[in-house]
Amino acid sequence: MKKKWISVALFVGIGTCLAFGASIISVANSVNYEVLSYQIQYLDEKGVTFRVMFGLTNPSGYNLEVWQQRYDVYIAGYKVSEITSKNRYKLIPDNMSIIPLDIRLSWQDIQDKVAPL
């Protein structure tokens, strides 16, 4: 009798985990983003930093949190920068939230990789 209930519990547990995972993937794929604005944040002898304001739309009915972001910036197939953000941002349900990200470009990378374009 015990083996029957163990297999039923395993079956129900795996099914619940799969359904939960599918709903998380569905929400992650339906989050939309757009670039709202950008501006020069810092300008010095080593390079330039742009602040890009992204608008993320959360279509779900739940608060979502975004943290530990890491992006690579490519221009014409060359990796010119890396964006990291350790801050936590809350995405309000059925609304757009604004997230600022800084992109740092060195003058050497601009000259070597962007100028030949």
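Above this note sits the structure.
Residues numbered from 1 in each chain as written. Predicted model: local features only at pLDDT ≥ 70, side-chain atom pairs only at ≥ 80, totals over all residues. Heavy atoms only, no water.

J.: Break down the pattern of salt bridges for me, citing the residues and quoting the values.
T.: Counted by the stated rule, this structure contains seven salt bridges. With its nearest N and O atoms 3.6 Å apart, the salt bridge here joins Arg70 to Asp72. Residue Asp72 is classed as partly exposed on the basis of its relative accessible area, which comes to 31%. A salt bridge links Glu82 to Lys79; the nearest nitrogen and oxygen atoms lie 3.5 Å apart. (Salt bridge = Lys/Arg side-chain N within 4 Å of Asp/Glu carboxyl O. Buried < 20%, exposed > 50% of the residue type's maximum accessible area, 1.4 Å probe, protein only.)

J.: How would you sum up unusual backbone geometry? Please name residues and give values.
T.: Not every positive phi belongs to a glycine, and Gln68 is a case in point at roughly 50 degrees. Tracing the chain through its elements places Gln68 in the loop between β3 (64-66) and β4 (69-75). Phi is positive for Asp94, which is not a glycine, with a value near 55 degrees. By the element assignment, Asp94 lies in the loop between β6 (89-91) and β7 (95-106). (Helix = DSSP H or I, 4+ residues; strand = E, 2+ residues; numbered from the N terminus.)

J.: Describe the packing of aromatic side chains, naming the residues involved and giving the relevant values.
T.: The tally for this structure, following the rule as stated, stands at zero aromatic pairs. Note that Arg88 overlies the ring of Trp67, its terminal NZ or CZ placed 4.4 Å from the centroid. (Phe/Tyr/Trp six-rings, centres within 6.5 Å; stacked < 30°, edge-to-face > 60°. Lys NZ or Arg CZ within 6 Å of the ring centre and 35° of its normal.)

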